[in-house]
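Breakdown of the fold
Each chain is listed here by its residues.
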Amino acid sequence: MHINCIESFIHLSRTGSYTKTSDQINVSQPALSRRIKRLEDWLGYDVIDRTTYPVTLTRKGKAFRIVAVQFMKMLQNMKGR
């Protein structure tokens, strides 16, 4: 799994918008969608409820977000050690 897929998911969960997220992380909207889909394929379940706007997380997506944020914090803490 690519770290950028996890980072993109975290950003998307904060903004609730593919457009805002793609602008913030400087990737195209289709590329962002592919990252989220790649993450979901890897996890084996949907993390985004695509029937709502703003975008919301599924129940499993909310649980994964907690783990993803902790994981990214751990990686940042290990940087430069």
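In this text the structure is predicted, and so the values were computed from the model without any measurement.

What counts and what doesn't
Residues numbered from 1 in each chain as written. Predicted model: local features only at pLDDT ≥ 70, side-chain atom pairs only at ≥ 80, totals over all residues. Heavy atoms only, no water. Salt bridge = Lys/Arg side-chain N within 4 Å of Asp/Glu carboxyl O. Helix = DSSP H or I, 4+ residues; strand = E, 2+ residues; numbered from the N terminus. Buried < 20%, exposed > 50% of the residue type's maximum accessible area, 1.4 Å probe, protein only. Contact = heavy atoms within 4.5 Å. Polar contact = N/O pair within 3.5 Å; in protein donor to acceptor, adjacent residues only side chain to side chain. Axes fitted to C-alpha atoms, helices over the stretch in contact; angles between N-to-C directions. Parallel < 35°, antiparallel > 145°, perpendicular 65-115°, else oblique. Nonpolar A, V, L, I, M, F, W, Y, C, P; charged D, E, K, R; others polar. Arc of directions from axis to C-beta.

Let us look at the pattern of salt bridges. In this structure the tally under the stated criterion is 2 salt bridges. Between K37 and D41 there is a salt bridge, and its shortest N-O distance comes to 3.0 Å. Taken together, the positions of K37 and D41, both in helix 3 (residues 29–43) and 4 residues apart, correspond to about one turn of that helix.

In this section: the environment of I25. Along the polypeptide, I25 turns up in helix 2 (residues 18–25). You can call I25 partly exposed: its relative accessible area is 21%. Once residues within four sequence positions are removed from consideration, I25 is found in contact with S8, H11, L32 and R35.

Mapped onto the fold, E40 is located in helix 3. Every residue in contact with E40, bar those within four places of it in the chain, is listed here: Y45, D46, V47, I48 and R50.

The topology assignment puts T21 in helix 2. Of note is the side chain of T21, whose polar atom sits 2.5 Å from the side chain of T15.

With their axes 9 Å apart at the nearest point, helix 2 and helix 3 run at an angle of 100° to one another. By the angle between their axes, helix 2 is roughly perpendicular relative to helix 3. For the pair formed by helix 2 and helix 3, the contact residues are Y18, T19, T21, S22 and I25 on the first element and Q29, L32, S33, R35 and I36 on the second. Broken down by class, the residue content of the contact of helix 2 with helix 3 amounts to 4 nonpolar, 5 polar and 1 charged.

We now examine the environment of E7. Structurally, E7 is set in helix 1 (residues 3–15). Assessed through its relative accessible area of 36%, E7 is described here as partly exposed. Along the primary structure E7 and I36 are separated by 29 residues, whereas in three dimensions their C-alpha atoms are 9.8 Å apart.

Here we come to helix 2. Looking at helix 2, one finds that the buried residues are Y18, T21 and S22. Along the axis of helix 2, the buried residues cluster in a sector spanning 100°; they form a single face. Structural note: helix 2 exposes D23 and Q24 on the side pointing more than 90 degrees away from its buried face. On its buried face, helix 2 is in contact with helix 1, helix 3 and strand 1 (48–49). Of the residues that open helix 2, the one with a side-chain oxygen 3.3 Å from the backbone nitrogen of T19 is S17. Positive backbone phi, approximately 60°, marks N26, located one or two places after helix 2.

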